[in-house]
Amino acid sequence: MRRRPAFAWAATRRLGRRPYSEDVLPAAERPDPGPLTWRTGSTIGPRPYGTAERPHPTLSFGGASEAAERVAAAEADVQLFWGEPQDGIAERIARLKELSEQAGRRHVPLEYGLRITTVVRDTTEEAWRAAEEKVAKMAADAGEIDTWTGNRRTAVGQRRLLDLTERGEVLDTCLYTAPGRFGGGGAATTWLVGSPDDVAAALNAYRALGITHFVLSDTPYKEETRRIGDQLLRRLREV
């Protein structure tokens, strides 16, 4: 896939807000098309409900490359991070705040979110046993299943996660890096593992850095969603 230049990312995000509030995108405001294909007279219908304060849905944005961070700083509502250690997240938030100032951001301040896998069990010991069993199965299945790897070798955010194994198998208090060695990718490259109190404490540490949006999951989805809802979210709401 041909890589989009930085101007194209910025143009895409600016136009991304417009169809929610305008009937037609005027062709005169399109940037130089360069390598991209642009459509005219486009909009979205039926249009989501909007107000003067919130004319379009929240625009969340990912990406850790220099170009992606510049776009997020200028145009996104929420920058989503994958499961990096707390020092890595703090570094990126500081950089994005600086980039927002440099870009002369026209919108409300950028917010930050964490998209990560959580392995939560009644006790710390049960959680780590479950996590290690999952990784052992991933290791046993390696080479026998067709795992999509996408752009794992080149995507900056993915490389940042895969490189964490060099720092250790467990970082901070309960950030497990081993899944990335055996096929885990994206938000499943690193996991927060522990009892509800362990994982809640880790998430609250991210919250203290400025994270206000959390996207948590594990598989099988139905069972783990119930566990997250019953055991974890209550503790997060207590803060």
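Just so you know, these numbers come straight off a predicted model, no measurement behind them.

Colleague: What am I meant to see in the packing of helix 3 (residues 86-103) against helix 6 (residues 196-209) here?
Modeller: Where helix 3 meets helix 6, the closest approach of the two axes is 10 Å, and the angle between their N-to-C directions is 20°. With respect to each other, helix 3 and helix 6 are oriented roughly parallel. Where helix 3 crosses over helix 6, the two elements pack in a sense that is right-handed. On the side of helix 3, the interface is formed by Gln86, Ile89, Ala90 and Ile93, while helix 6 contributes Ala202, Ala205, Tyr206 and Leu209. Of the residues belonging to the contact of helix 3 with helix 6, the class tally is seven nonpolar, one polar and no charged.

Colleague: Would you mind showing me how to read the environment of Arg105 here?
Modeller: Counting through the fold element by element, Arg105 comes out in the loop between helix 3 and strand 3 (111-120). When the C-alpha atoms of Arg105 and Glu75 are compared, they prove to be 7.4 Å apart, with 30 residues separating the residues in sequence. With sequence-adjacent residues up to four places away left out, Arg105 is seen in contact with Ala72, Ala73, Ala74, Glu75, Ala76, Asp77, Ser100 and Leu110. A polar side-chain atom of Arg105 sits 3.0 Å from the main-chain carbonyl oxygen of Ala73. A distance of 2.6 Å separates a polar atom in the side chain of Arg105 from the backbone oxygen of Ala76.

Conventions used here
- Residues numbered from 1 in each chain as written.
- Predicted model: local features only at pLDDT ≥ 70, side-chain atom pairs only at ≥ 80, totals over all residues.
- Heavy atoms only, no water.
- Axes fitted to C-alpha atoms, helices over the stretch in contact; angles between N-to-C directions.
- Helix = DSSP H or I, 4+ residues; strand = E, 2+ residues; numbered from the N terminus.
- Parallel < 35°, antiparallel > 145°, perpendicular 65-115°, else oblique.
- Left-handed = near helix turned anticlockwise from the far one by under 90°.
- Contact = heavy atoms within 4.5 Å.
- Nonpolar A, V, L, I, M, F, W, Y, C, P; charged D, E, K, R; others polar.
- Polar contact = N/O pair within 3.5 Å; in protein donor to acceptor, adjacent residues only side chain to side chain.

These values are about where atoms sit, not about what they do.
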